[in-house]
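Close look at the chain arrangement
Chain by chain, the residues run as shown.
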Amino acid sequence: QVQLVESGGGLVQAGGSVRLSCVASGGTFNNFAMGWFRQAPGKEREFVAAISWSGRTTRYADAGKGRFTISRGNAKNTLLLQMTSLTPDDTANYYCAAAPFRLPPMIVAGEYEYWGQGTQVTVSS
């Protein structure tokens, strides 16, 4: 059973940065396509960023382009999301997701099989 555990969230001022981490266990991380999604109160879960199983290809939602960077460290089974120039609109619970196949980066939540519990990011104005 694959488990994903996110960390790194917290309270940050507008314009600040935060780095989220997701550690995977229980599977062959090197074969997983991975993604980050977020959900704000009263809103649907939305795509943030994704990375292919190889790490060579990434995709970003328009909201994060130029500000967010997704990366993976296969040696440590870790997925990262570096977020900069944060605004209050980035306030949400951020989820790590995994698809246990050698796939390109995917932007649809339903294509992922495993999910973490989320880590809250709150951006104050």
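Residues numbered from 1 in each chain as written. Predicted model: local features only at pLDDT ≥ 70, side-chain atom pairs only at ≥ 80, totals over all residues. Heavy atoms only, no water.

1. Some thoughts on the state of the cysteines
For the structure shown, the criterion picks out 1 disulfide. Between the sulfur atoms of Cys 22 and its disulfide mate Cys 96 the distance is 2.0 Å. The sign of the -70 degrees torsion about the S-S bond sets the Cys 22-Cys 96 disulfide as left-handed. On the criterion of sequence distance, the pair formed by Cys 22 in strand 3 (residues 18-25) and Cys 96 in strand 9 (residues 92-99) is long-range, its members being 74 residues apart. (Disulfide = S-S within 2.5 Å. Helix = DSSP H or I, 4+ residues; strand = E, 2+ residues; numbered from the N terminus.)

2. Quick notes on unusual backbone geometry
Despite not being glycine, Asn 77 shows a phi value in the positive range, around 50 degrees. Structurally, Asn 77 can be placed in the loop between strand 7 (68-73) and strand 8 (78-83). For Asn 77, a relative accessible area of 24% gives the class partly exposed. (Buried < 20%, exposed > 50% of the residue type's maximum accessible area, 1.4 Å probe, protein only.)

3. So, the sheet that holds strand 3
The strand order across the open sheet formed by 4 strands is 1-3-8-7, and the pairing between neighbours is antiparallel. Edge positions in the sheet fall to strand 1 (3-7) and strand 7, since each of these pairs with one other strand and no more. On average, adjacent strands in this sheet sit at an angle of 15 degrees to one another, irrespective of strand direction. Taken together, the 5 bridges between strand 1 and strand 3 define a ladder with antiparallel strand orientation. Within strand 3, the residue paired with Ser 7 across the bridge is Ser 21. (Pairing = 2+ DSSP bridges. Axes fitted to C-alpha atoms, helices over the stretch in contact; angles between N-to-C directions.)

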